[in-house]
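Notes for the structure review
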Amino acid sequence: MKTLNNKIYITYFFYIFITTVIYLNFHLYEFPDKYVYTDWLINYEGGFVRRGLLGQIIFEISNIFNIEISLIILYFQIISYFLYFLLFIFIFLKIKTNFFWFVIIFSPILFLYPIAELEALGRKDILVISLFLIFSLINYNSLNSLILAFICFFSLSTLIHEITVFYIFHYLFIIYVKNRFIIKQKFNYFYFFYILICILSLLYLALYKHNFVVIEDILKSYNYEDFTNESGSFSHIKPSLESVFLKTINNISLVPIIRIILLIFLSLFPILFFNKIKEEYVDKYFNLKNIIFASILLSIPLYLLIFDWGRIIYINYNFLIIILTQLFIIKIFDQEFLDKKIKDLKKIYKVLMFILICLSFSPKILVTDDLSSFPLYRSVIKIIKISHI
């Protein structure tokens, strides 16, 4: 059964990856005007700017090797998605896969989302997720190496996209779990100091140094026609947090809030229903409900600052699932409890759960958008249509 499950998962990942590559190539016709590309083009030619590191690397590679920037971006995107899927395949080969993981893997807000909602495809989010995934999977032999890895991965991810700052809980949680259950070393005060200095330095760059960037110099470095301060992602460089917050608040109504609550409930239901942490590890703070509650609570600022609520759900769910896979790998979850839950659940309920959670609908990218129906089916239809163009 495990071999069959693995074949299904690998086939599914292969389909999504191939579809992703096809769409990424297809989108090259919209370079550089498409919003996704403008985000990748932000560099340091006008001074330090948030999310500018990757753009500067791409800019330098293009100048040194005389390669088209659009192709470099495409290579980065394809490599990022390949690494992302490869690492998840590695994870699912290490843990016992079953109906619970079947529902998680086929969830429309996890692996399928970028090709179900193409506005989310090719964004830097995939790098933010992949860096956290790599950080979580490394086997650390000491607390020193773990903290050093945190500083490197968290800093790199934040300089690629500042949204990483809102996932500090997930990074710190991995540090806590790795140290408590594997490394088992005393967490001295100077580790807190290193972590604090890292976070404060990144906040200083993002909230202060960023204000002095000259956007016009970034635009001039590319010499693209019709490129202005208001082109795509460049329009989001200068606005203050207050203006961004007000823009989001002014577009929020009761309906999208209900939609987001429904989607969060559906995505979390199988996790809460099928799983529990082993009794010997549970305490007042360390339990599954608290982990999920903290993950949701700390993501609320993102919903108030970012218009792309679909992306937030997608990134949040990826980070949460990465944490859960790590807890399964180090055997923190009660596997017998999970097996019994699956065994006792009637087949009709399994079918209904799979249809409702995996096949019915997914969030569109913007807070003002309605839900998208039948995401897996529509993704197949779209790729068939493109293949005939």
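For the structure itself, consult the block above.
Quick look at the structure, then. (Residues numbered from 1 in each chain as written. Predicted model: local features only at pLDDT ≥ 70, side-chain atom pairs only at ≥ 80, totals over all residues. Heavy atoms only, no water.)

Another aspect to go through is the packing of helix α9 (residues 168–183) against helix α16 (residues 309–329). At a minimum axis distance of 11 Å, the contact between α9 and α16 shows a crossing angle of 5°. As far as their axial angle goes, α16 and α9 are roughly parallel. Along the contact surface, α9 presents His170, Tyr171, Phe173, Ile174, Val177 and Lys178, while α16 presents Phe319, Leu320, Ile323, Gln326 and Leu327. Considering only residue class, the contact of α9 with α16 consists of eight nonpolar, two polar and one charged. (Axes fitted to C-alpha atoms, helices over the stretch in contact; angles between N-to-C directions. Helix = DSSP H or I, 4+ residues; strand = E, 2+ residues; numbered from the N terminus. Parallel < 35°, antiparallel > 145°, perpendicular 65-115°, else oblique. Contact = heavy atoms within 4.5 Å. Nonpolar A, V, L, I, M, F, W, Y, C, P; charged D, E, K, R; others polar.)

The next subject is a negative patch on the surface. There is a patch of like negative charges on the surface, built from Glu30, Asp33, Glu225 and Asp226. Within the secondary structure, aspartate 33 is located in the loop between α1 (2–27) and α2 (35–40). Judged by its relative accessible area of 55%, aspartate 33 is exposed. (Patch = residues over 30% accessible without salt bridge, like charges linked within 9 Å, V, L, I, M, F, W, Y side chains within 5 Å. Areas by Shrake-Rupley, 256 points an atom, 1.4 Å probe, with all protein chains shown as cover. Salt bridge = Lys/Arg side-chain N within 4 Å of Asp/Glu carboxyl O. Lys, Arg positive; Asp, Glu negative; His and termini not counted. Charge placed at Lys NZ, Arg CZ, Asp CG, Glu CD. Buried < 20%, exposed > 50% of the residue type's maximum accessible area, 1.4 Å probe, protein only.)

This part takes up the pattern of salt bridges. Counted under the stated rule, the structure contains 11 salt bridges. Ionic pairing is found between arginine 180 and aspartate 283, a salt bridge with its closest N-O pair at 3.8 Å. Of this pair, arginine 180 sits in helix α9 while aspartate 283 sits in the loop between α13 (254–274) and α14 (288–297), placing them 103 residues apart in sequence. You can call arginine 180 partly exposed: its relative accessible area is 28%. Several salt bridges converge on common partners, so that one network encompasses Asp39, Arg50, Arg51 and Glu162.

The next subject is the side chain of asparagine 275. Note on placement: asparagine 275 falls in the loop between α13 and α14. Residue asparagine 275 is classed as buried on the basis of its relative accessible area, which comes to 5%. Among the polar contacts listed, one links the side chain of asparagine 275 to the backbone oxygen of isoleucine 271, at a separation of 3.2 Å. Sequence-distant contacts of asparagine 275, defined by excluding residues within four places in its chain, comprise Phe100, Pro270, Leu288, Phe328, Phe333, Phe337 and Leu338. (Polar contact = N/O pair within 3.5 Å; in protein donor to acceptor, adjacent residues only side chain to side chain.)

Quick look at the environment of glutamate 119 now. By secondary structure assignment, the location of glutamate 119 is in the loop between α6 (113–116) and α7 (125–137). Sequence separation between glutamate 119 and aspartate 308 is 189 residues, and the spatial gap between their C-alpha atoms is 9.7 Å. Excluding its chain neighbours within four sequence positions, the residues that come into contact with glutamate 119 are Lys34, Val36 and Ile365.

A full pass over the atoms with the stated rule returns 60 aromatic pairs. Consider the rings of tyrosine 176 and phenylalanine 286, whose centres lie 5.9 Å apart with planes at 50°: the pair is tilted. With tyrosine 176 in helix α9 and phenylalanine 286 in the loop between α13 and α14, the pair connects residues that are 110 residues apart, well separated along the chain. On the basis of relative accessible area, tyrosine 176 is assigned to the partly exposed category, the value being 37%. In this structure, arginine 180 packs its charged tip against the face of phenylalanine 286, placed 5.0 Å from the ring centre. Lying across the ring of phenylalanine 273, lysine 341 places its NZ or CZ 4.2 Å from the centre. (Phe/Tyr/Trp six-rings, centres within 6.5 Å; stacked < 30°, edge-to-face > 60°. Lys NZ or Arg CZ within 6 Å of the ring centre and 35° of its normal.)

The next thing to look at is a nonpolar patch on the surface. Judged by side-chain polarity, Ile64, Phe65, Ile67, Leu71, Tyr75 and Ile79 come together as a nonpolar surface patch covering roughly 610 Å² of accessible area. Among the elements of the structure, α3 (53–65) and α4 (69–94) are those that each provide at least two residues to the nonpolar patch. Considering every element that reaches the nonpolar patch, the biggest residue donor is α4, with three residues. Within the secondary structure, phenylalanine 65 is located in helix α3.

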